[in-house]
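Each chain, letter by letter, is given below.
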Amino acid sequence: MIKLDNVTKIYKGEHVALRDASVDIAKGEFVFLVGPSGSGKSTFLRLLNREESPEQGRIYVAGKDIGELPGYKVPYLRRNIGSVFQDFKLLPNKTVYENVAFALEAIGRPKSAIKEAVPQILELVGLAKKAGNMPDELSGGEQQRVSIARAFVNRPLILLADEPTGNLDPATSVGIMKLLDRINRTGTTVVMATHDRGIVDTMRRRVIELDRSRIVRDQARGVYE
Amino acid sequence: MAVRLDYVLKETGSNLRRNATLTIAAVLTVAVSLSLVAASFLIGKGINNSFLGLRSDVQLFIYMKPEATAEQIKSIKKDLDESPQVRKVDFYGKDKTFAEFKRLFADQPDLVSTIKPDELPQSFRVLPKSTDADVVAAVGKQFKSKAGVLRVEYAAEYARQVQRSLRTLNTWVLIVGGILIAASVLLIFNTIRTAVFARRREIEVMRLVGASNWFIRLPFMVEGLVHGLSGALLAALGAWGFDALWKKNFVNQVAFELLNQIRWSSGDLWLAIVVIFFVGALTGAVGSGIAVSRFLKI
């Protein structure tokens, strides 16, 4: 599903963010990216939906070399990749329902399809009752559920999560991880960057460790350290 | 690239409201600059019409009688060609004269339809070698009494001077209009930049979920177009008012002996309005296009 071939990313011609990374991730895998801040985790994720392009190497998503994609096709790549962030990136002036619906409107889905899909996904993330609330009326965990709903409503092949539990307390984090696990079990490939030792050690999934821009460990059913 | 129209209109509308003050400033600047362009265009047309026979290379008109024979015309032509005083001669035959007449009175079709080409006097338009008024008058005198000649007229020097000053004035109006158009482009550019900035969170989310580039761009481009076209609409009203005022105050007033010759047809007015809308749309498209490409990372 995802393949990196000797990928190197250099920012502004000097700062190497990722060096010579080669990774193969199969469909339906759940992968943790771990490592200290600045070790290249976010860059790794940003390369996958072509927010960034590598200086060297090739990246394949769903069998396609995404470096070859012309700019106008990049949005179609992103429709297959959901993204979740530490800071949720919800629109503060839209309700929970509207925030999720916005993701479908933006890719031109018909109104009827939106009316059907949004309540379904809100049910899945356990927020059916909060559809009419504004984001600032929700707890952090609930806001993250909205953002996961928005990322998953289009049923992408891949879900990228950049420290999704970074702003949440441990109990709430467990709930979010259960949700991501559930999404993973529908066949969606999940790649999650995290600092959360407890989560990684409990879930025992594949762990890719980055240190100073290099992949230093790639372990099936791994632990944080 | 299926972007829903109602979406674009909704987003554009909310951008315009959000930036009401900047929008008004942009629209007014466009309106003023395009009004100046329109006025300059109309006056320019008027100058060309009123002085069609007074082009700077013509100093002397020899009008032939309508009943003048081909022989007589030929003989005058021969004399002019052979005259050492003459630099250039243009013969205006029936068709050429009628064509010019139609152009001058295009807004008076009744008049045009009552005149037949045969009834208009044919003429020679002569450029003597010397511009000295006395020499020109001497050349004219030679032809005044020849067979078939109706009368000889001289391009008055003061008329030419008025024409020159009007042209200069008109050039300045056009330059100021041009500068204001540049200002309009900058204002629209800034307004769109502000709109993009105000919506940066939405844009970020749209990019993340894979909205197509046109879906993101279009509302902003349409916003710029609305600025340009609204300004053009106001300027069209301005041009129409200018046209009415000019006709009321100058054209039908005997007192303004030279200004009342500067007239344009309703066709010219329509052409000016078309030009206004074209330039307005272009201004909006250029201003918003630059802003979108510079500030909308897709």
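Residues numbered from 1 in each chain as written. Chains lettered and ligands numbered in written order. Predicted model: local features only at pLDDT ≥ 70, side-chain atom pairs only at ≥ 80, totals over all residues. Heavy atoms only, no water.

Colleague: Explain the side chain of S33(B) here, please?
Modeller: Residues and elements named next belong to chain B. You can see S33 is positioned in helix α2 (residues 20–50). Of the residues examined, S33 reaches a relative accessible area of 1% and is grouped as buried. At 3.4 Å, the side chain of S33 and the side chain of S184 are in polar contact. Contact partners of S33, with chain neighbours within four places excluded, come to G177, L180, I181 and S184. (Helix = DSSP H or I, 4+ residues; strand = E, 2+ residues; numbered from the N terminus. Buried < 20%, exposed > 50% of the residue type's maximum accessible area, 1.4 Å probe, protein only. Polar contact = N/O pair within 3.5 Å; in protein donor to acceptor, adjacent residues only side chain to side chain. Contact = heavy atoms within 4.5 Å.)

Colleague: What should I look at first to understand the domain arrangement of chain B in this one?
Modeller: How large an interface is tends to be reported as the accessible area lost when its parts come together. All names here are of chain B. With domains assigned, chain B is organised as domain 1 (5–54 + 161–295) and domain 2 (59–154). The gap between the C-alpha centroids of domain 1 and domain 2 is 43 Å. At the interface, eight residues of domain 1 touch eight residues of domain 2. Here domain 1 packs against domain 2, burying approximately 620 Å² in sum over the two surfaces, 60% of which is carbon and sulfur. The interface formed by domain 1 and domain 2 contains zero salt bridges. Of the residues in the side of domain 1 that touches domain 2, the class split is three nonpolar, four polar and one charged. (Domains from an automatic or database assignment. Buried area = accessible area lost by both parts, 1.4 Å probe. Salt bridge = Lys/Arg side-chain N within 4 Å of Asp/Glu carboxyl O. Nonpolar A, V, L, I, M, F, W, Y, C, P; charged D, E, K, R; others polar.)

Colleague: Explanation requested: the side chain of R150(A) in the structure shown.
Modeller: In this structure, R150(A) sits in helix α5 (residues 140–152). Although R150(A) lies buried, it forms no salt bridge, and the closest oppositely charged side chain, D87(A), sits 7.7 Å away as judged by the N-O distance. Within the structure, the side chain of R150(A) is placed 3.2 Å from the backbone oxygen of F88(A), a separation counted as a polar contact. With residues near it in sequence (within four places) discarded, R150(A) still touches F88(A), K89(A), L90(A), N99(A), V100(A), A103(A) and V205(B). (Lys, Arg positive; Asp, Glu negative; His and termini not counted.)

Colleague: I'm lost on the confidence of the model for chain B in this one. Help?
Modeller: Low-pLDDT portions of the prediction should not be read for the details of their coordinates. Residues and elements named next belong to chain B. Summary statistics for chain B give a mean pLDDT of 82 and a share of 89% for residues scoring 70 or more. Mean pLDDT per element in chain B: helix α6 (residues 133–144) is the minimum at 77, and helix α10 (residues 266–295) is the maximum at 90. Among the scores for the predicted complex, ipTM is 0.87 and pTM is 0.70. (pLDDT = per-residue confidence, 0-100.)

Colleague: Help me understand the packing of aromatic side chains, please; the structure alone is not making it clear to me.
Modeller: Here the distance between the centres and the angle between the planes together describe a pair of aromatic rings. Residue and element names in this part refer to chain B. On inspection of all chains with the given rule, the structure shows six aromatic pairs over all chains. With centroids separated by 6.2 Å and ring planes inclined at 10 degrees, the aromatic side chains of F61 and Y63 adopt a geometry described as stacked. Residues F61 and Y63 agree in their burial class; the two are buried. With a centroid separation of 4.8 Å and an interplanar angle of 45 degrees, the aromatic rings of F91 and F124 are classed as tilted. With F91 in strand β2 (residues 86–92) and F124 in strand β3 (residues 123–128), the pair connects residues that are 33 residues apart, well separated along the chain. On the basis of relative accessible area, F91 is assigned to the partly exposed category, the value being 28%. Each member of the aromatic cluster is reached from another via a ring pair, and the members are F242, W246 and W264. (Phe/Tyr/Trp six-rings, centres within 6.5 Å; stacked < 30°, edge-to-face > 60°.)

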